[in-house]
Amino acid sequence: QLDGRSMDMAIDNLKIFGAQTGILIMGDCEGPMISHSLMMACGIGLRSSTTVERPWLALHDSHIAARHIGVLLEGRAQATIHDNLIYRGPTSENGFVGIYLSGSQDARVHSNEIYILGTIMGQTNYGVVITVPTGIVNNNIIRSTSVTIYKTVNGAITEPNFIG
């Protein structure tokens, strides 16, 4: 967990197994960079939650196997999420969201592979959910989800993506 007033922290080659939340970033943290990390069998792989919009977060070249949400960004402006493997494992009991951007202006999500292992009747699984009018979601591979990209507002650029 990262909390408080800190800037430009780097997390590299971290391995987390079986946590409720793999990496939790709270408070006034600016510019966290996560790379080459493994978050396996977590409820949520990465969660960044701020009460006031904070700038910059980078997540790249990482492997996330989550039960509920792969990446959850709340109030994180200018985030970039790229070149990650994000999926729901077969033991999940509820629906799944690969990447959820809530109040995260100007996010860039590209070149990720997002998919679901094993589907359960009645579940709704999302590749990417974006709730802001600005951002770019493109060049991702999204497989085996009920809804590939779900936008709650117009404006975000969400093409092209490979849907399989």
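Scroll up a little and you will see the structure.
In this report, we go over the structure that sits alongside the text. (Residues numbered from 1 in each chain as written. Predicted model: local features only at pLDDT ≥ 70, side-chain atom pairs only at ≥ 80, totals over all residues. Heavy atoms only, no water.)

1. Some thoughts on unusual backbone geometry
It is generally the case that most residues other than glycine have a negative phi and that most peptide bonds are trans. Of note in the backbone geometry, Asn-13 takes a positive phi value of approximately 60° without being a glycine. With respect to the helices, strands and loops of the structure, Asn-13 is situated in the loop between strand S1 (10–12) and strand S2 (15–17). Not every positive phi belongs to a glycine, and Asp-83 is a case in point at roughly 60°. Along the chain, Asp-83 falls in the loop between strand S6 (63–82) and strand S7 (85–88). Judged by relative accessible area, which is 37%, Asp-83 ranks as partly exposed. (Helix = DSSP H or I, 4+ residues; strand = E, 2+ residues; numbered from the N terminus. Buried < 20%, exposed > 50% of the residue type's maximum accessible area, 1.4 Å probe, protein only.)

2. Brief notes about the side chain of Arg-88
Within the element layout of this structure, Arg-88 appears in strand S7. Side-chain polar atoms of Arg-88 contact the side chain of Asn-125, separated by 3.4 Å. (Polar contact = N/O pair within 3.5 Å; in protein donor to acceptor, adjacent residues only side chain to side chain.)

3. Re the packing of aromatic side chains
Each aromatic ring pair is summarised here by two numbers: the centre-to-centre distance and the angle between the ring planes. Following the criterion strictly, the structure yields two aromatic pairs and no others. Judged by centre distance (5.2 Å) and plane angle (15°), the rings of Tyr-87 and Tyr-115 are stacked. One end of the pair, Tyr-87, is in strand S7; the other, Tyr-115, is in strand S10 (residues 113–116), with 28 residues separating them in the sequence. Each member of the pair, Tyr-87 together with Tyr-115, is buried. Where Tyr-126 meets Tyr-150, the ring centres are 5.7 Å apart and the plane angle is 55°; that geometry is what we call tilted. (Phe/Tyr/Trp six-rings, centres within 6.5 Å; stacked < 30°, edge-to-face > 60°.)

4. Structural notes on the environment of Gly-75
Positionally, Gly-75 belongs in strand S6. For Gly-75, a relative accessible area of 11% corresponds to the buried category. Separated by 41 residues in the primary sequence, Gly-75 and Ile-34 have C-alpha atoms spaced 17 Å apart. Discounting residues that sit within four places of it in the chain, Gly-75 has contacts with Thr-50, Val-52, Glu-53, Arg-54, Ser-102, Gly-103 and Ser-104. (Contact = heavy atoms within 4.5 Å.)

5. Let's talk about the pairing of S6
The element S6 is largely enclosed, with a buried count of 15 among its 20 residues. As defined by bridge partners, strand S5 (residues 38–60) adjoins S6 across 15 bridges and the pair is classed as parallel. Looking at the pairing, Arg-47 lines up with Leu-72 of S6. Both S6 and S7 contribute to a ladder of four bridges, which runs parallel. Opposite Ala-65, over in S7, you have Tyr-87 as the bridge partner. By the bridge criterion, three bridges tie S6 to strand S9 (residues 107–110) in an arrangement that is parallel. From the neighbouring strand, His-82 faces S9, where its bridge partner is His-110. (Pairing = 2+ DSSP bridges.)

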